Number of protein chains: 2
Amino acid sequence: MVATLNLINGRWKGVILYYLLTHGTMRFNELHRQLPGCTPRLLVKQLRELEDDAFISRTVYPVVPPKVEYALTEEGRTIGPILSQLNEWGTGWLERRGLRPRAEETA
Amino acid sequence: MVATLNLINGRWKGVILYYLLTHGTMRFNELHRQLPGCTPRLLVKQLRELEDDAFISRTVYPVVPPKVEYALTEEGRTIGPILSQLNEWGTGWLERRGLRPRAEETA
DNA sequence: CAGTATCCTGGGAGATACTG
DNA sequence: CAGTATCTCCCAGGATACTG
């Protein structure tokens, strides 16, 4: 279980996966814009880790200006239903507690 | 989504919830024994956070030696199905990759 | 656009010892 | 048994500037 949890550890991994799940393919800055408070440096790192774990694919187009697209792999898609449920559960929980997520937590 | 993920952030929260889910009520050291690599100090902290979020209850029995029991609340139980699925998914993932979780990750 | 390169800081977490 | 109390260290992550 610890091993499993470590897979999605890191403040942004879950969100990144969730965005790719709901928005489909996304480019670096597109993703970056959705994650206020996440620096490029950190975003790169989390993306690389997700790539290493085969959850996402990274496609580089040899054009100028550079274009790189990130997408879920088949493997990455397998966690989709769980993330959806988790998101629903969390939203419900916040509501039951009468809380509103802080600005930097709405991503 | 970030807000939701923060709820189960911290290396041990998910595991603690999972243990209480599958083992029922547990005492402090009982829990501690199941989590190699987690210091008492850290365990206390995570338990307090889970308590603050109303996921678990803490019952103190006024006896000598002290006896404290931790259990899931109704609220805590609502995340049960998700954790089970997550665990299954993670286990499957590790197998597909031909990996064995490291000793300190088997909890 | 999609990152690197540096520098730097806070607090997450370990180790050890102690106590009501 | 169920935690505190300290002290310490490390590195995840922030800020800023730069580049193919």
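Note that this is a predicted model, so its numbers are computed, not measured.

## A few points about the pairing of strand S2 (residues 56–61) of chain B
Part 1: Pairing of S2 of chain B with strand S3 (residues 67–72) of chain B involves 6 bridges; the strand directions are antiparallel. Pairing of Tyr-61 of chain B across the sheet is with Lys-67 of chain B, part of S3 of chain B.

## Re the UniProt feature "domain: HTH hxlR-type" (unreviewed entry) in chain A
Part 1: In the UniProt entry, the feature "domain: HTH hxlR-type" (unreviewed entry) is given for residues 1–98 of chain A.
Part 2: Helix makes up 59% of residues 1–98 of chain A and strand 14%, and the two end C-alpha atoms of the span are 30 Å apart.

## Describing the interface of chain B and chain A
A common measure of how large an interface is: the accessible area buried when the components associate.
Part 1: With 37 residues of chain B at the interface, the matching set in chain A holds 37 residues.
Part 2: Summing the contributions of chain B and of chain A, the shared interface buries around 3500 Å²; its carbon and sulfur component is 67%.
Part 3: Area buried by chain B at its contact with chain A is led by Met-1, Val-2 and Trp-89 of chain B, which between them contribute 21% of it.
Part 4: There are 2 salt bridges connecting chain B and chain A.
Part 5: Where chain B touches chain A, the interface holds 7 residue pairs in polar contact (both at pLDDT 80 or more).
Part 6: Looking at the side of chain B that touches chain A, the elements that each hand over two or more residues are helix H1 (2–7), helix H2 (13–23) and helix H6 (80–96) of chain B.
Part 7: Here the element with the most residues in the side of chain B that touches chain A is H6 of chain B; it accounts for 11 residues.

## Here we look at the side chain of Gln-46 of chain B
Part 1: Residue position: Gln-46 of chain B is located in helix H4 (residues 40–52).
Part 2: Classification of Gln-46 of chain B as buried rests on a relative accessible area of 6%.

## Concerning the pattern of salt bridges
Oppositely charged side chains are able to pair whenever their charged atoms sit close together.
Part 1: Inspection of the entire model under this criterion finds 10 salt bridges over all chains.
Part 2: One salt bridge connects Arg-96 of chain B with Glu-75 of chain A, and the closest N-O pair in it is separated by 2.7 Å. Highlighted residues: Arg-96 of chain B in helix H6 and Glu-75 of chain A in helix H5 (residues 74–77), drawn from two different chains.
Part 3: The network of salt bridges with common partners includes Lys-13, Lys-45 and Glu-49 of chain A.

## Considering the protein's contact with DNA strand D
Part 1: Near DNA strand D, the surroundings consist of 18 residues, among which Leu-42 and Pro-66 of chain A together with Arg-27, Arg-58 and Tyr-70 of chain B are the closest.
Part 2: Of everything in DNA strand D that lies within 4 Å of the protein, sugar and phosphate atoms constitute 81%.
Part 3: Gly-37 of chain A places a polar main-chain atom, nitrogen or oxygen, 3.3 Å from a phosphate oxygen of DNA strand D.
Part 4: The separation between a base oxygen of DNA strand D and a polar side-chain atom of Arg-41 of chain B is 3.2 Å.
Part 5: Of all the secondary structure elements, the ones that give two or more residues to the surface near DNA strand D are helix H4 (40–52) of chain A together with helix H3 (28–34), H4 and S3 of chain B.
Part 6: Residues of the surface near DNA strand D, tallied by class, amount to 8 nonpolar, 4 polar and 6 charged.

## Some points on the environment of Ala-107 of chain B
Part 1: Inspection of the secondary structure assignment puts Ala-107 of chain B in the segment after H6.
Part 2: Classification of Ala-107 of chain B by relative accessible area gives buried; the value is 9%.
Part 3: Placed 72 residues apart in sequence, Ala-107 of chain B and Leu-35 of chain B show a C-alpha to C-alpha distance of 5.9 Å.
Part 4: Sequence-distant contacts of Ala-107 of chain B, that is, excluding residues within four places in its chain, are made with Met-1 and Val-2 of chain A together with Val-15, Tyr-19, Gln-34, Leu-35 and Pro-36 of chain B.

Basis of the calculations
- Residues numbered from 1 in each chain as written.
- Chains lettered and ligands numbered in written order.
- Predicted model: local features only at pLDDT ≥ 70, side-chain atom pairs only at ≥ 80, totals over all residues.
- Heavy atoms only, no water.
- Pairing = 2+ DSSP bridges.
- Helix = DSSP H or I, 4+ residues; strand = E, 2+ residues; numbered from the N terminus.
- UniProt positions renumbered as here; feature names shortened; annotations may be inferred.
- Contact = heavy atoms within 4.5 Å.
- Buried area = accessible area lost by both parts, 1.4 Å probe.
- Salt bridge = Lys/Arg side-chain N within 4 Å of Asp/Glu carboxyl O.
- Polar contact = N/O pair within 3.5 Å; in protein donor to acceptor, adjacent residues only side chain to side chain.
- Buried < 20%, exposed > 50% of the residue type's maximum accessible area, 1.4 Å probe, protein only.
- Near = heavy atom within 4 Å.
- Nonpolar A, V, L, I, M, F, W, Y, C, P; charged D, E, K, R; others polar.

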